[in-house]
Amino acid sequence: MDRAQKEKVVEELGQIFESSGVVVVAHYAGLTVAEMQGLRAKMREAGGAVRVAKNKLAKIALEGKPCASIADLLTGMTVLAYSEDPVAAAKVIDEFAKINKKIEILGGAMGSAALTPDGVKAVASMPSREELIASVVACIGAPASSIAGAIGAPASNIAGILSTLEEREAA
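Note that the structure is predicted; figures quoted are calculated from it, not measured. The numbers attached to residues start from 1 for each chain and follow its sequence in the written order. The predicted origin of the model limits local features to residues at a pLDDT of at least 70 and limits the giving and counting of side-chain atom pairs to 80 or more, whereas totals for whole chains, interfaces and linings rest on all residues. Excluding hydrogens and water, the side-chain values take into account all heavy atoms of the structure.

A. Spotlight on the packing of helix 4 (residues 88–99) against helix 5 (residues 117–124). For helices, the fitted axis covers only the stretch in contact; all axes are lines through C-alpha atoms, and the angles between them, taken along N-to-C directions, range from 0 to 180 degrees. Think of it this way: any DSSP run of H or I at least four residues long counts as a helix, any run of E at least two long counts as a strand, and we number them from the N terminus. Here helix 4 crosses helix 5 at 110°, and the two axes come no closer than 8 Å. As far as their axial angle goes, helix 5 and helix 4 are roughly perpendicular. Facing helix 4, whose interface residues are Ala90, Lys91 and Asp94, helix 5 presents Val120, Lys121, Val123 and Ala124. Its residues assigned to classes, the contact of helix 4 with helix 5 comprises 4 nonpolar, no polar and 3 charged. Here the word oblique covers every angle except those under 35 degrees (roughly parallel), over 145 (roughly antiparallel) and from 65 to 115 (roughly perpendicular). Contact criterion: two residues are considered in contact whenever any of their non-hydrogen atoms come within 4.5 Å of each other. Throughout this entry, Asp, Glu, Lys and Arg are counted as charged residues, while Ala, Val, Leu, Ile, Met, Phe, Trp, Tyr, Cys and Pro are counted as nonpolar. The remaining residues, Gly among them, count as polar.

This is the structure in C-alpha cells:
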C-alpha cells in the first residue's frame, strides 16, 4: 500500500469515526471468509458496516475524534463494526458473538463515551431506533383512536335509538 492509499484509508476511517453513533472493536482471529461475509451481511441489513483496517492507520484516524478512547483496543486482528444508529452495530455483533465464539468483543465507543465489553452488551440490549419510533407512534396513536371511538360511540348510539323509534312508529 503506497502513501496515497494509506492517506485515503485514514480519511475514510476518520469519517467513519466522526459520523458513527457507535463503534465496536472486536478480535476476529480464526473467522473464516464465509463467517465474515455473514457478519457483513447481517450488519448491512441492520444499517451498519464492518471494516477491517490496519491498527496503525485506525489509530492515526482516531486522533482528535470523539471516540479516540478506543485506540488502546486496537491490537491484534481487530474488526470495527459501526453504524449511525447507536444500537444497531452493537446488537448485531453481540448476537454474532453469541453464535460464533471466534469473535471476541473488546469494547467500543458511543460518541465520546468509552464502552467496555459489558457496556457493548448493555447497548445491544436497548431497543433500536425503529423500535423506539414504533412505540412512540403507538403511544401517540392510542389516545387518538380512543378519542375517535368515544366521539363515534354516541353517534352510533343515537342512530340506534332513532332506528328503534322509527320501527315503533311504523308498527
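B. Summary view of the sheet that holds strand 1 (residues 22–27). On the basis of which strands lie adjacent, the open sheet formed by 5 strands has the order 2-3-1-4-5 and antiparallel pairing. Each edge of the open sheet is held by one strand with a lone partner, namely strand 2 (48–51) and strand 5 (113–115). Averaged over all neighbouring strand pairs, the angle between strand axes comes to 15°, with direction disregarded. Strands are treated as partners if at least two bridges between them are detected by DSSP. With 6 bridges joining them, strand 1 and strand 3 (residues 78–83) adopt antiparallel strand pairing. Counterpart to Val25 in the pairing with strand 3 is Leu80. Contacts between helix 1 (residues 3–19) and the sheet are confined to strand 1, strand 2 and strand 3, with strand 2 contributing the most and set at about 145° to the helix.

C. Focus on the environment of His27. Structurally, the position occupied by His27 is in strand 1. Exposure classes here rest on a 1.4 Å probe applied to the protein chains alone. A residue is buried below 20% of its type maximum, exposed above 50%, and partly exposed in between. Using a relative accessible area of 23% as the deciding quantity, one classes His27 as partly exposed. With 76 residues separating them along the chain, His27 and Ile103 place their C-alpha atoms 5.6 Å apart. Here His27 is in contact with Thr75, Gly76, Met77, Thr78, Lys102, Ile103, Glu104 and Leu106, once residues within four sequence places are set aside. Between N or O atoms, a polar contact is any pair within 3.5 Å; within protein, one atom must be a potential hydrogen donor and the other a potential acceptor, and residues adjacent in sequence are included only when both atoms are from side chains. From its side chain, His27 meets the backbone oxygen of Thr75 in a polar contact 2.7 Å long.

D. Inspection of the pattern of salt bridges at higher detail. Only one rule defines a salt bridge in this text: a Lys or Arg side-chain nitrogen within 4 Å of an Asp or Glu carboxyl oxygen. Under the defined criterion, the tally for this structure stands at 5 salt bridges. A salt bridge links Glu7 to Arg3; its shortest N-O distance comes to 3.4 Å. One end of the pair is Glu7 and the other is Arg3, both in helix 1 and 4 residues apart, which spans about a single turn. Glu7 sits in the partly exposed class, given a relative accessible area of 46%. Lys98 is the salt-bridge partner of Asp94, the closest N and O atoms lying 3.6 Å from each other. Of this pair, Asp94 and Lys98 both sit in helix 4, 4 residues apart, which is roughly one turn of that helix.

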